[in-house]
Amino acid sequence: ADPVALSIPETRRLMEVAVQVDDGSMIPYFALAIFSALRPSEILRLDWQKFVWDDIKPSVVVDGKGKRRRSVELHETCIKWVKPHAQKDGKVTPANVKKLFNFCRAVAGYRVAKSTFEGVDKTGFDKELKGLQSKKRPTWVRDVMRHTGITYFLKIKNDKDYVANWAGNYPSIIDSNYRAVEGVTASTCKQFWNILPD
C-alpha cells in the first residue's frame with residue numbers, strides 16, 4: 001500500500017481530543033507520536049527523566065527498536081505540546097494508556113470497537129461516540145502517526161540520512177516510504193508544524 005500521513009484536519013482533531021480527554025493525560029503520547037515520530041512501544045517505555053530540556057536543541061533519549069538507544073531532537077512544535085506536562089520522573093503515559101488511546105480515536109471520529117475502551121469516563125462525549133462501527137467512520141491506519149511525523153520532518157530537513165538517524169530507521173526506507181506522500185506539500189508542511197496548543 002502507498003504510504004499515508006494524517007491530513008492537517010485529522011492531526012488538529014487528534015490533538016484537540018487529546019486536550020479534552022482525561023484532563024489532557026494523553027497529550028504527550030499523541031504529540032511525541034505525531035511531532036517526533038516515536039514508536040508506540042518507545043513512548044510506553046519512556047520516563048520523564050529521559051528528556052533533556054536545557055540543551056540548545058531539546059531532545060529525548062529513547063530505547064528504540066531492538067533496544068537501540070538514540071537521542072531524538074524535539075521539534076519546537078512537539079516541545080510546546082509536551083513540556084507543560086513534564087514531570088521530574090515517572091512514566092510519560094497514564095496507566096490506562098491503551099484504553100485512552102482507543103477512546104481518543106473513537107472521539108476523533110475513527111471506527112473503534114467500544115469494548116476496547118471499557119472503563120474510560122465517557123461523560124460529555126455521547127455525540128462523538130454515536131455509530132462507532134459505522135462505515136462512514138474512517139479506519140485507523142497502523143503507525144500513521146509515526147509515518148506522519150517522519151514524512152513532515154523529512155519535508156523540512158530534506159536529508160534522508162539525518163531523518164533516518166532521527167527516526168531510528170534506514171535511509172533506504174526513508175527514501176522509499178516517506179519522500180512522496182500524497183497530501184504532503186510545502187503548504188501543508190507549514191500548517192502541520194503550526195498546529196500548536198491554544
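This structure is a prediction, so every number in the text was calculated from the model and none was measured.

1. Considering the packing of aromatic side chains
Counted by the stated rule, this structure contains 16 aromatic pairs. Each ring, one from Tyr29 and one from Phe30, has its centre 5.8 Å from the other, and the planes form 80 degrees; the classification is edge-to-face. Of the residues examined, Tyr29 reaches a relative accessible area of 5% and is grouped as buried. Ring centres of Phe35 and Trp193 lie 6.2 Å apart, and the angle between their planes is 45 degrees; this geometry places the pair in the tilted category. Highlighted residues: Phe35 in helix α2 (residues 27–35) and Trp193 in the segment after α9 (186–192), separated in sequence by 158 residues. Grouping residues by exposure puts Phe35 and Trp193 together as buried. Here the aromatic residues Phe35, Tyr152, Phe153, Tyr162, Trp166, Phe192 and Trp193 are joined through ring pairs into a cluster of three or more.

2. Side note on the sheet that holds strand β1 (residues 51–52)
Taken together, the three strands give an open sheet; going across it, the order is β1-β2-β3, and neighbouring strands pair in antiparallel fashion. In this open sheet, the two edge strands, each paired with only one partner strand, are β1 and β3 (69–73). Examined bridge by bridge, β1 and strand β2 (residues 59–63) share two bridges and lie antiparallel to one another. The residue bridging Val52 from the neighbouring strand is Ser59, located in β2.

3. A short note on the pairing of β2
Between β1 and β2, which pair antiparallel one after the other, the connecting turn spans six residues. Strand direction decides the pairing type here: β2 and β3, joined by five bridges, are antiparallel. Within β3, the position partnered with Val61 by the bridge is Ser71.

4. Examining unusual backbone geometry
Of note in this structure, Asp22 is not a glycine but carries a positive phi near 50 degrees. Here Asp22 is to be found in the loop between α1 (8–20) and α2. The class for Asp22 is partly exposed, based on a relative accessible area of 41%. Within the chain, Asp143 stands out as a residue other than glycine whose phi angle is a positive 60 degrees. If you trace the backbone, Asp143 turns up in the loop between α5 (97–108) and α6 (144–157).

Definitions and limits used
- Residues numbered from 1 in each chain as written.
- Predicted model: local features only at pLDDT ≥ 70, side-chain atom pairs only at ≥ 80, totals over all residues.
- Heavy atoms only, no water.
- Phe/Tyr/Trp six-rings, centres within 6.5 Å; stacked < 30°, edge-to-face > 60°.
- Buried < 20%, exposed > 50% of the residue type's maximum accessible area, 1.4 Å probe, protein only.
- Helix = DSSP H or I, 4+ residues; strand = E, 2+ residues; numbered from the N terminus.
- Pairing = 2+ DSSP bridges.

No statement about biological role is implied by the geometric values presented.
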